[in-house]
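# Fold and contact review
Okay, here's what each chain looks like letter by letter:
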Amino acid sequence: MIKSHHFSAILSASPAVLNWDKKDFIDVLKNAAHTAKLTVVGELGVEFVPQGISTIVLLAESHIALHFWTETAKVTIDIHICDYQTDNLEKAIFLTKILSQEISNDDKLGNWHYLSISN
C-alpha cells in the first residue's frame, strides 16, 4: 500500500520575506527539506513581473510548491510527501513547522490543511 500526506496553507509573510527573491525561497525550501531528512532532487523558481514568485522543490518523496503573492504579503505552500518505503508523516509535519517559522514566524499547525491518501 502507498500512502501520501498532503499539507497546504496560506501564511502571512513576515517583514523579512517581503524582500526575498526566488533564490531565497528555494534556499528556504531546500534547507527545510534537508532539516526534515527529506531528499531534494530538483528545483525551479520563477519571478513574475511586476510581482510574485513561484518555486518548487522536487523531493525523492514528492514535492514542495510555494507561491508568494507580494501584493498581499501572503505565501501559499503545498507539501506532498509519500510513504513509499517508510512512514514519512512525522517528517512532513516537521517540514510544516519549519516553513511556518521561516516564512511567518509562527510554527502552529492550525494554519495547515491535511489530507491523507492511500491505495
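Residues numbered from 1 in each chain as written. Predicted model: local features only at pLDDT ≥ 70, side-chain atom pairs only at ≥ 80, totals over all residues. Heavy atoms only, no water.

For the chain, the name recorded in an unreviewed UniProt entry is S-adenosylmethionine decarboxylase, with Cuspidothrix issatschenkoi CHARLIE-1 as its organism. A UniProt comment under Cofactor (unreviewed entry) is attached to the chain, and it reads "pyruvate". (UniProt positions renumbered as here; feature names shortened; annotations may be inferred.)

The next thing to look at is helix α2 (residues 89-104). Taking 1.5 Å per residue as the helical rise, α2 with its 16 residues ought to reach 22 Å, and the 22 Å between its terminal C-alpha atoms agrees with that figure. Burial in α2 covers these residues: Ala92, Ile93, Leu95, Thr96, Ile98, Leu99, Ser100, Ile103 and Ser104. Buried residues along α2 sit against β1 (3-12), α1 (22-35), β4 (62-69), β5 (74-82) and β6 (112-118). (Helix = DSSP H or I, 4+ residues; strand = E, 2+ residues; numbered from the N terminus. Expected span 1.5 Å × (residues − 1). Buried < 20%, exposed > 50% of the residue type's maximum accessible area, 1.4 Å probe, protein only. Contact = heavy atoms within 4.5 Å.)

With that out of the way, let us pick up the packing of α1 against α2. At a minimum axis distance of 9 Å, the contact between α1 and α2 shows a crossing angle of 145°. Crossing hand, α1 versus α2: right-handed. On α2, the residues that touch Val28, Leu29, Ala32, Ala33 and Thr35 of α1 are Phe94, Leu95, Ile98, Leu99 and Glu102. Tallied by class, residues from the contact of α1 with α2 come to eight nonpolar, one polar and one charged. (Axes fitted to C-alpha atoms, helices over the stretch in contact; angles between N-to-C directions. Left-handed = near helix turned anticlockwise from the far one by under 90°. Nonpolar A, V, L, I, M, F, W, Y, C, P; charged D, E, K, R; others polar.)

With respect to the secondary-structure elements, Ser62 resides in strand β4. Sequence separation between Ser62 and Ser116 is 54 residues, and the spatial gap between their C-alpha atoms is 14 Å. Those residues in contact with Ser62, other than ones at most four positions away along the chain, are Val57, His80, Ile81 and Cys82. There is a polar contact of 3.4 Å between the side chain of Ser62 and the backbone oxygen of His80. (Polar contact = N/O pair within 3.5 Å; in protein donor to acceptor, adjacent residues only side chain to side chain.)

The subject of this paragraph is the pairing of β1. Each regular strand displays side chains that alternate between the two surfaces of the sheet. Here β1 runs beside β6; their pairing, made up of seven bridges, is antiparallel. Directly across from Phe7, in β6, lies its bridge partner Tyr114. Strand direction decides the pairing type here: β1 and β5, joined by nine bridges, are antiparallel. Bridged to Leu11 within β5 is Val75. (Pairing = 2+ DSSP bridges.)

Grouped together as the largest cluster of nonpolar side chains are 30 residues, with contacts concentrated most on Ile64, Ile77, Ile79, Leu95 and Leu99. Where this core is concerned, the elements lending two or more residues are β1, α1, β3 (53-59), β4, β5 and α2. The leading source of residues in this core is α2, at six residues. Look past the residues within four positions of Leu95 in its chain and what remains in contact with it is Ala32, Ala33, Ala36, Leu38, Ile64, Ile79 and Ile81. (Core = buried A, V, L, I, M, F, W, Y, C linked by side-chain atoms within 4.5 Å.)

Quick look at the pattern of salt bridges now. Enumeration according to the criterion identifies two salt bridges in this entry. Across the pair Lys23 and Asp27 runs a salt bridge, and its minimum N-O distance is 2.7 Å. Here Lys23 and its partner Asp27 are both found in helix α1, four residues apart, which amounts to about one turn of the helix. With its nearest N and O atoms 2.7 Å apart, the salt bridge here joins Lys30 to Glu43. Taken together, the positions of Lys30 in helix α1 and Glu43 in strand β2 (residues 40-47) put the pair 13 residues apart, joining distant regions of the chain. Relative accessible area serves as the criterion here: at 23%, Lys30 is assigned to the partly exposed category. By relative accessible area, Glu43 is classed as partly exposed at 43%. (Salt bridge = Lys/Arg side-chain N within 4 Å of Asp/Glu carboxyl O.)

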